[in-house]
Amino acid sequence: MKIVILLGAPGCGKGTMAGRLSASNPTFHHVSSGDLLRTAVKTQSPHGLEADGFMKRGELVPDSLIAQMIAEYMVTLPNECTLLLDGFPRTLIQAEMLDKALAGSRATLTHVVLLDVPDPILIDRIAGRRVCPACGAGYHVVSIPSKVAGLCDVCGTTLVVRKDDNPKTVQYRLEVYKAQTMPLVAYYDARGLLTRITAYDFPINDIVEKLRHVIS
Ligand code: ADP
Ligand code: ZN
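Counting restarts for each chain: residues are numbered from 1 in the order of the written sequence. Lettering for chains starts from A, numbering for ligands starts from 1, and both go in the order in which the items are written. Reporting of local features is limited, given that this is a predicted model, to residues whose pLDDT is at least 70; pairs of side-chain atoms are given and counted only at 80 or more, and all residues count toward the totals for whole chains, interfaces and linings. Values reported for side chains reflect all heavy atoms of the structure, with hydrogen atoms and water molecules removed beforehand.

**A look at the pairing of strand β1 (residues 2–7)**
Defined as follows: Three labels apply to residues, based on accessible area from a 1.4 Å probe with only protein chains included: buried if under 20% of the type maximum, exposed if over 50%, partly exposed otherwise in between. Helical segments are the DSSP runs of H or I of at least four residues, strand segments are the runs of E of at least two, and each set is numbered from the N terminus. A pair of strands is labelled paired if DSSP reports no fewer than 2 bridges between them.
Of all 6 residues that make up β1, 5 are buried, and the element is covered over most of its length. Alignment of β1 against strand β3 (residues 82–86), held across 5 bridges, turns out to be parallel. From the neighbouring strand, K2 faces β3, where its bridge partner is T82. Sheet topology note: the β1/strand β4 (residues 108–116) ladder contains 6 bridges and is parallel. Across the sheet, the residue bridging to L6 is V113, located in β4.

Below is the structure:
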């Protein structure tokens, strides 16, 4: 298994990019830590009950909790695939946990891609973000509108605004990103694994193709 880590602030487009890549190529598997957690919260699993409060406040959930959920997900995947990790790791401790898990496995971390987007654009993207609570598809009211306003193109469910996408929590999540996740950029750059992609001011498809080129 090849592993590609997508790094970037909330709203940088990690989920959108990974979703499009995996839709276009069945050997790509996309896992979003946020989606795993939101499903766990919705089904009120033990992981979800533990995560709920942290997520509502825009804080990170405990490292061991999310690391365990990702590990449980990874064992369900076929060996011959490229895993697009979206939202994990998000702290240095999580990165070290991943390194340890990979050391004893057949999986190899091949690329870490940073999706670079300035703060004002991130804030605008999150303000316009709508998600499908049933299938997880993501939209933006201006840049990625659904065909019928307010309804998911994939499954017809009414789209919602995520609980943590309100302006106050967003500001806090950007601070959390800078303090806890940005150190990963230097961590992976020092190992020669990092590529930066400018992930704004170009059509989404161009950014997807840039990403595909970097990781293939
Ligand atoms: P965004 O990237 O827009 O912040 P996500 O869907 O990736 O959104 O994450 C939503 C929330 O889920 C985070 O604010 C955090 O509470 C939790 N979360 C997701 N991934 C992790 C992680 N790797 N470690 C800790 N908490 C996480
Ligand atoms: Zn849907």
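Let us keep going from here.
**Thoughts on the coordination of the zinc ion (ligand 2)**
Threshold: Counted as donors are N, O and S atoms no farther than 2.8 Å from the metal, or 3.2 Å for Na, K and Ca; water is not among the atoms, and sites may therefore look incomplete. Only four donors with every angle between 85 and 135 degrees are called tetrahedral; only four or six donors with opposite donors over 155 degrees apart and all others between 65 and 115 are called square planar or octahedral, in that order; all others are irregular.
Within the protein, the zinc ion (ligand 2) binds to C132 (SG), C135 (SG), C152 (SG) and C155 (SG); these donor distances fall in the range 2.3 Å. One can describe the site at the zinc ion (ligand 2) as tetrahedral: its 4 donor atoms subtend angles covering 100 to 122° at the metal. Expressed as a motif, the donor residue spacing for the zinc ion (ligand 2) is C-x2-C-x16-C-x2-C. A relative accessible area of 3% places C132 in the buried class.

**With respect to the nonpolar core**
Rules: In these notes, a set of buried Ala, Val, Leu, Ile, Met, Phe, Trp, Tyr and Cys residues joined through side-chain atoms within 4.5 Å is what counts as a nonpolar core. Only heavy atoms matter for contacts: two residues are in contact if any of them lie within 4.5 Å across the pair.
Judged by nonpolar contacts, the single largest core of 57 residues is most densely connected at I3, L7, L85 and Y188. Considering every element that reaches this core, the biggest residue donor is helix α4 (residues 63–74), with 6 residues. The residues touching L7, leaving out its near neighbours within four places in the chain, are C12, K14, P89, V112, V113, L114, L115, T181, L184, V185, Y188 and L194. Of all hydrophobic cores here, the second largest spans 5 residues; its members include C132, A137, Y139 and C152.

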